[in-house]
Amino acid sequence: MSTAVALPSADYVICGGGTAGLVLANRLSEIPTVNVAVIEYGQDRSEDLNVLAPGLLTALYGNPDYDWIFHSTPQPHVNDRVIGHPRGKQLGGSSAINYMAYTHASQVNLDDFEALGNANWTWDVMQPYYKKSETLTVPNVQERTDLNVSYIDPTYHGKTGPIRNAFPHEYSPLDFAWPRAYDTLGIGVKSDPSDGLALGGYNILTNLNLDNNTRSYAATAYLNPIKYRPNLRVYTSALVTKINFDNITGTPTANSVNFNVNGTDYTIPAAREVVLSAGSFGSPHILELSGVGKKDLLSTYGIDSIVDNPNVGENLQDHVYMPLGYKVNPGIFTLDDLVNETIFNAAYDQYLANNTGPLATVALGGALLSTQQIMPDKSVANKFLADINSLVGKNNGNTQEFKAQYKLIVKNMKNEQEIAQHMNTASGMNPEFANDTTKLFSAPTPGNYFTILGVLEHPFSRGNVHLQSANASVYPTIDFHYLEHPADIKILSKIALHVQNSLAKAKPLSDLLQGNGTMLQAEYNTLTEANVEDEIRRVLQSEYHPSGTCAMLPQDKGGVVDWKLKVYGVNNLRVVDASIVPLQPRANLQTFIYALAERAADFIKQDLAESQAAAKGMAVA
């Protein structure tokens, strides 16, 4: 066995150059006396048109140059289907391949983090970090009177942050009709959803740089402006294989990281900390490879136990949805038109020429809805809530942490918090290919479609991620346990029926759909109370929002990291990514991850200042 190449040490070694990792790289390297290293398996794609052009985003799914191409294990409660999970394999991580939606957790979602045992984790504490990461293009918002976005309140948005947010220049009639359909139903949004309170339907801000109509993401916004700092090193094509700990008797201390580049092994010492930012699949996997996890599992693969913590890799949560694709009226452009080679080439040439046209936009509509909005008949809503409460009471988890989480979810449902999110995509989908994302976002039958996603925002089912080999290049097993908890399919059924029976038939959206919102893409069936659960199991899909596998909780309640994101049982090791989320928040995760990483950088800086002051016999104010 060859000896690893020893590299110069860094004060902070960040494992993963994704959304969180690049925020940390930027903020920590602001200190000129601190050396920072980032280890990323993917490449730098920040000048790649496939990443930058908003309209090309789904073309990256299933492409090994951009995507890890993870898959779930067969899911017993979803007809044993395997669900594909794209994760960004490049600098910027999944912020380079996601749908660019800028949506916030609710105030209650974040306050629940504190209720679960995490001191000082609340909406009020996190709000400044959301703003720190963002620049809202205010003139763009003020000019878009055609979008009915007067609800946008700049006081809830950042003015000088790295990530640019705006509404695209170009929208289709479907996008204009989307929020107005909710107004017709009496559930249009009444205030800015970024206030953490608003519910209802609206047009979503996107991570878009309007200067050139390109994706604004972690690599272009956080890394590129500072990548030539002399105290920052970024290693690409580098697969982290293990975190090493010292052999001093007492608490193990993370002191270096092993990684491999094209068959050559390297070791980089970490003088102060190792930070794991490898995502909800990668971070627990690396912990287990390094000896932190369930001892019995690790011993199966010949891995010495450093810390026996069976919570590592557990508590996996995800947003799942039921799609329904509707035929649109002739003459309305949808992304299905880009299947035509002539149309696609013309759109591609137009974007190359002046960054305009169909590839310059990703227009998104959303809605956050409570039980009471989906079921306006109070008696119906109350009976449904009572039924869910009963189901949860009979299936309330076999561990303390799940019971505490379930209690909060049920309470929030009763208190008129969101249970559903609606999203849309102006194209058809092929539910047959949930496991093959290269084919998922294309309709198998010719035509133009508008697909509405009915999303379960706060699932009760919990899964896990665990290694299946001591070889770091072998992917871990990913078992979501989708719909295992019986409450999930009951809630999702009501969400799907509401999409079909109310939203799709609401004007002016229904005016743009064939049969006034009654004609489905051939791959879908009309839903009824009798068949809706079977249909969900047949076509259920993921929003690709995995979280929770290195949960920020007290250790005796399922935790892997404490409230300052430090891994239990060791020194000098933190986790900063979606895996620390203890309870799935509403909407898209990326905005929380930016805010999380901004706060984590402050944690690390504060600890550094205290350490330096202690060395000088001083106190930090």
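Residues numbered from 1 in each chain as written. Predicted model: local features only at pLDDT ≥ 70, side-chain atom pairs only at ≥ 80, totals over all residues. Heavy atoms only, no water.

Chemist: Run through the packing of helix α12 (residues 378-394) against helix α13 (residues 400-414), naming residues and quoting values.
Modeler: Between two packed helices, both the angle of their axes relative to each other and the distance between the axes serve to describe the pair. Remark: α12 packs on α13, axes separated minimally by 11 Å, with the N-to-C direction vectors making an angle of 175°. As the angle between them shows, α12 and α13 are arranged roughly antiparallel. Where α12 abuts α13, its residues Phe384, Leu385, Ile388, Asn389 and Val392 lie against Tyr406, Val410, Met413 and Lys414. Its residues assigned to classes, the contact of α12 with α13 comprises 7 nonpolar, 1 polar and 1 charged. (Axes fitted to C-alpha atoms, helices over the stretch in contact; angles between N-to-C directions. Helix = DSSP H or I, 4+ residues; strand = E, 2+ residues; numbered from the N terminus. Parallel < 35°, antiparallel > 145°, perpendicular 65-115°, else oblique. Contact = heavy atoms within 4.5 Å. Nonpolar A, V, L, I, M, F, W, Y, C, P; charged D, E, K, R; others polar.)

Chemist: Describe the sheet that holds strand β23 (residues 541-542), and please don't skip the residues or the numbers.
Modeler: Read across the sheet, 6 strands follow the order β8-β18-β19-β20-β17-β23 without closing on themselves; strand pairing throughout is antiparallel. The two strands at the open ends of the sheet, each matched to only one other strand, are β8 (200-203) and β23. Where strand β18 (residues 365-370) meets strand β19 (residues 418-425), 5 bridges bridge the pair, whose relative direction is antiparallel. In the strand pairing of β19, Ala367 is matched with His422. Packing of helix α6 (residues 173-185) onto the sheet brings it into contact with β8, β18, β19 and β20 (449-456), and relative to β8 it is tilted by some 160°. Helix-sheet contacts for helix α15 (residues 486-503) involve β17 (320-327), β18, β19 and β20, and the interaxial angle to β20 is about 150°. (Pairing = 2+ DSSP bridges.)

Chemist: So what's going on with the layout of surface pockets? Which residues, and what values?
Modeler: Of the volumes computed, that of the second largest pocket is approximately 800 Å³. Forming the boundary of the second largest pocket are 34 residues, of which Gly55, Thr58, Leu335, Asp336 and Leu338 lie nearest the centre. No other element matches helix α14 (residues 437-440), which puts 3 residues into the lining of the second largest pocket. Here the residues of the lining of the second largest pocket are counted per class, giving 19 nonpolar, 12 polar and 3 charged. (1 Å grid on protein atoms, 1.4 Å probe; cavity = no way out; pocket = protein on both sides within 12 Å on 5 of 7 lines; lining within 4 Å. Points joined across faces, edges and corners; volume = space filled by probe spheres on them.)

Chemist: Report on the packing of aromatic side chains, specifying residues and quantitative values.
Modeler: Using the criterion set out here, one finds 22 aromatic pairs in the structure. Between the aromatic rings of Tyr151 and Tyr202, the centroid separation amounts to 6.2 Å while the plane-to-plane angle is 85°, which identifies the pairing as edge-to-face. With Tyr151 in the loop between α5 (138-143) and β7 (163-165) and Tyr202 in strand β8, the pair connects residues that are 51 residues apart, well separated along the chain. The burial state of Tyr151 is the same as that of Tyr202; both residues are buried. By way of ring pairs, the aromatic residues Tyr41, Trp68, Phe70, Phe281, Tyr475, Phe480 and Tyr482 are connected into one cluster. (Phe/Tyr/Trp six-rings, centres within 6.5 Å; stacked < 30°, edge-to-face > 60°. Buried < 20%, exposed > 50% of the residue type's maximum accessible area, 1.4 Å probe, protein only.)

Chemist: Can you lay out unusual backbone geometry for me, pointing to particular residues and giving the numbers?
Modeler: The omega torsion across Lys507 and Pro508 is 0°, close enough to zero to call that bond cis. When you line up the elements, Pro508 lands in the loop between α15 and α16 (532-539). The phi dihedral of Asn516 falls on the positive side, at around 55°, and the residue is not glycine.

Chemist: Talk me through the nonpolar core; I want residue IDs and the actual numbers.
Modeler: Counting residues in each nonpolar core, the largest one holds 196 residues, and the members touching the most others are Ile268, Leu509 and Phe592. At 11 residues, the largest contribution of residues to this core is made by helix α17 (residues 590-615). Those residues in contact with Phe592 that lie beyond four places of it in its chain are Leu110, Phe113, Trp121, Met126, Tyr130 and Val581. In terms of nonpolar packing, the next biggest core, distinct from the first, is built from 8 residues, Leu49, Ala53, Leu56 and Leu338 among them. (Core = buried A, V, L, I, M, F, W, Y, C linked by side-chain atoms within 4.5 Å.)

Chemist: Describe in detail the pairing of strand β14 (residues 264-276), supporting the description with residues and values.
Modeler: Taken together, the 2 bridges between strand β1 (residues 5-6) and β14 define a ladder with parallel strand orientation. Counterpart to Ala6 in the pairing with β14 is Thr267. With 5 bridges connecting them, strand β2 (residues 10-15) and β14 associate as parallel partners. The partner of Ala10 across the bridge, within β14, is Ala270. The pairing of strand β13 (residues 254-261) with β14 spans 6 bridges and is antiparallel. Residue Ser256 lies in a different strand from β14, and its bridge partner there is Pro269. Here β14 runs beside strand β24 (residues 573-575); their pairing, made up of 3 bridges, is parallel. Bridging from a neighbouring strand, Val274 pairs with Leu573 of β24.

Chemist: Let's hear about empty space enclosed by the protein: which residues, and what values?
Modeler: Summed over the entire model, instances satisfying the criterion amount to 5 cavities of 30 Å³ or more. Its volume calculated, the largest cavity comes out at about 80 Å³. Taken together, 14 residues make up the lining of the largest cavity; nearest its centre are Tyr102, Asp192, Pro193, Ser194 and Tyr202. Put simply, the second largest cavity is a space of about 70 Å³. Lining the second largest cavity we find Leu316, Gln317, Asp318, Val320, Leu456, Pro459, Ser461, Phe480, Tyr482, Leu483 and Asp488. Residues that form the lining of the second largest cavity fall into these classes: 7 nonpolar, 2 polar and 2 charged.

Chemist: Lay out the packing of α12 against α15 in plain terms, naming residues and giving numbers.
Modeler: Contact pair α12 / α15: the axes reach a minimum separation of 9 Å and the direction vectors enclose 160°. Between α12 and α15, the angle is such that the two are roughly antiparallel. α12 and α15 meet at a crossing whose hand is left-handed. Across from Phe384, Ile388, Leu391 and Val392 in α12, the residues of α15 making contact are Pro486, Ala487, Lys490, Ile491 and Lys494. Looking at the contact of α12 with α15, its residues break down into 7 nonpolar, no polar and 2 charged. (Left-handed = near helix turned anticlockwise from the far one by under 90°.)

Chemist: Explain the pattern of salt bridges residue by residue, including any values.
Modeler: Any two side chains of opposite charge can pair, on the condition that their charged atoms come close. A complete count under the given rule lists 17 salt bridges for this structure. Residue Arg27 pairs with Glu598 through a salt bridge whose shortest N-O separation is 2.9 Å. Taken as a pair, Arg27 in helix α1 (residues 19-28) and Glu598 in helix α17 lie far apart in primary sequence, 571 residues in all. The shortest N-O distance in the salt bridge between Lys383 and Asp387 comes to 3.0 Å. Within this pair, Lys383 and its partner Asp387 are both found in helix α12, separated by 4 residues, close to a single helical turn. (Salt bridge = Lys/Arg side-chain N within 4 Å of Asp/Glu carboxyl O.)

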